[in-house]
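So the chains spell out like this:
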Amino acid sequence: MELIKLEKPEKLIDENNIRVDGRKLNDLRPIKMEVGVLPKANGSAYVEMGGNKILASVYGPREVHPRHLAESNKAVFRCLYRMATFSVDERKSPAPSRRENELSMVIGQALEPAIFLNYYPKTMIECTILVIQADGGTRCASINAASLALADAGIAMRGLVSAVAIGKADGKLIVDLNNVEDQFGEGDLPIAILYPLKEVSLIQFDGILTNEEFQQCINLAYDACEIIFNKQIEALHKRYSKEIIEKDNKKEA
Ligand code: ADP
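What you are looking at is a predicted structure, and each value in this text was computed from that prediction instead of being measured. (Residues numbered from 1 in each chain as written. Predicted model: local features only at pLDDT ≥ 70, side-chain atom pairs only at ≥ 80, totals over all residues. Heavy atoms only, no water.)

## Description of the sheet that holds strand 2 (residues 43-49)
The strands that make up a sheet pair up through hydrogen bonds in the backbone, lying either parallel or antiparallel.
Here comes step 1: Strand order in this open sheet of five strands is 1-2-3-5-4, and the pairing throughout is mixed. Each edge of the open sheet is held by one strand with a lone partner, namely strand 1 (31-35) and strand 4 (76-83). Ignoring strand direction, the axes of neighbouring strands in this sheet form an average angle of 15°.
Here comes step 2: Strand direction decides the pairing type here: strand 1 and strand 2, joined by five bridges, are antiparallel. In the sheet register, isoleucine 31 faces strand 2, and the bridge partner there is methionine 49.
Here comes step 3: Of the strands in this sheet, strand 1, strand 2, strand 3 (52-63), strand 4 and strand 5 (123-133) are in contact with helix 2 (residues 138-152), which crosses strand 2 at around 150°.
Here comes step 4: In the packing of helix 4 (residues 211-252) onto the sheet, contacts are made with strand 1 and strand 2, and the angle to strand 1 comes to roughly 35°. (Pairing = 2+ DSSP bridges. Helix = DSSP H or I, 4+ residues; strand = E, 2+ residues; numbered from the N terminus. Axes fitted to C-alpha atoms, helices over the stretch in contact; angles between N-to-C directions. Contact = heavy atoms within 4.5 Å.)

## Looking at the site of the ligand
Here comes step 1: Around the ligand, the surrounding shell consists of Met83, Val88, Arg99, Ala134, Asp135, Gly136, Gly137, Thr138, Arg139, Asn179, Asp182 and Gln183.
Here comes step 2: Contacts to the ligand include threonine 138, whose side-chain N or O atom sits 2.5 Å from an oxygen atom.
Here comes step 3: Separating an oxygen atom of the ligand from a side-chain N or O atom of aspartate 182 is a distance of 3.1 Å.
Here comes step 4: For the ligand, whose unbound accessible area comes to 530 Å², protein coverage reaches 75%.
Here comes step 5: Mapping the ligand onto the cavity grids shows that it belongs to the largest pocket.
Here comes step 6: Breaking the shell around the ligand down by element, the ones donating at least two residues are helix 2 and helix 3 (179-184).
Here comes step 7: It is helix 3 that provides the largest number of residues to the shell around the ligand, a total of three residues. (Near = heavy atom within 4 Å. Polar contact = N/O pair within 3.5 Å; in protein donor to acceptor, adjacent residues only side chain to side chain. Areas by Shrake-Rupley, 256 points an atom, 1.4 Å probe, with all protein chains shown as cover. 1 Å grid on protein atoms, 1.4 Å probe; cavity = no way out; pocket = protein on both sides within 12 Å on 5 of 7 lines; lining within 4 Å. Sits in = over half its atoms within 2 Å of the grid points.)

## Structural notes on helix 1 (residues 98-111)
Since the α-helix advances by 3.6 residues per turn, residues separated by three or four positions end up pointing in the same direction.
Here comes step 1: For helix 1, which comprises 14 residues, the first-to-last C-alpha distance of 20 Å matches the rise-based estimate of 20 Å (1.5 Å per residue) to within 8%.
Here comes step 2: Of the positions making up helix 1, those classed as buried are Glu100, Leu103, Ser104, Val106, Ile107, Gly108, Ala110 and Leu111.
Here comes step 3: Where helix 1 is buried, its residues meet strand 4, strand 5, helix 2, strand 6 (160-169), strand 8 (187-195) and strand 9 (199-203). (Expected span 1.5 Å × (residues − 1). Buried < 20%, exposed > 50% of the residue type's maximum accessible area, 1.4 Å probe, protein only.)

## Quick word on the nonpolar core
Buried together is how nonpolar side chains tend to be arranged in soluble globular proteins.
Here comes step 1: Judged by nonpolar contacts, the single largest core of 67 residues is most densely connected at Phe77, Leu111, Ile125, Ile129, Ile143, Leu150 and Val164.
Here comes step 2: When residues in this core are grouped by element, the largest group, 10 residues, is from helix 4.
Here comes step 3: Once residues within four sequence positions are removed from consideration, isoleucine 125 is found in contact with Val58, Tyr59, Pro61, Ala75, Val76, Phe77, Arg78, Ile115, Leu117, Tyr120, Leu150 and Ile155. (Core = buried A, V, L, I, M, F, W, Y, C linked by side-chain atoms within 4.5 Å.)

## Some details on unusual backbone geometry
Here comes step 1: Cis geometry is found at the peptide bond from glycine 60 to proline 61, where omega equals 0°.
Here comes step 2: You can see proline 61 is positioned in strand 3.
Here comes step 3: A cis amide bond links tyrosine 195 with the next residue in sequence, proline 196, at an omega value of 5°.
Here comes step 4: Inspection of the secondary structure puts proline 196 in the loop between strand 8 and strand 9.

Okay, structure coming up:
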């Protein structure tokens, strides 16, 4: 996917309702998902959403260090979001930024309702997310990747979390904002939905919307997240049906 230069375009949507990257208003960017990409981790996933390239790994449930942080009735879930120094146009400092710390918390809170933490008392589940390339909406792409990595680690979950950012540009609502739309648009509303329960586990907002537009954004998020959820399921099937076929072949041989 070609990245668009971060310069304020004359308009973000043309007279035919086509966006700067050629998409229609409700189109998602191309999505690629792969599960089990890091054999040394307990679970892992690689996700591309347009220009975003995200790697997520999960370790655990395992012993808590330091021990006094352990909880007697549930696992401690820790999420770490980091951007590679080469993930953005200008080299990003390797020191964790306030934004990265905030996003670690936000992503963790979006994922936590999906996990049966009470199944794993006195342990820790650790999810590390590395943004290899950023192009707007990395928190949503990270949630999608981390959710897959948790499932790949075999953690008991209520379902998968799927996330997308809905926004507004040139007065119109748009789905899955890229970096240019994120920076120069009029609003950005990242939403995460826990499937199949269809419960919202994250909603943030930056900008101004009418009540009606807000409701429309929620509806658009449900439609878009359903597509993402199906891609996540497809990625898990691809990984595990392949493994089952290989095992069956070995048995037969
Ligand atoms: P999100 O990635 O979830 O949309 P933000 O709204 O904070 O989170 O960031 C929007 C976009 O801005 C990011 O996806 C990335 O493309 C860009 N960005 C974030 N941090 C930096 C940075 N330090 N340098 C350059 N671009 C950045």
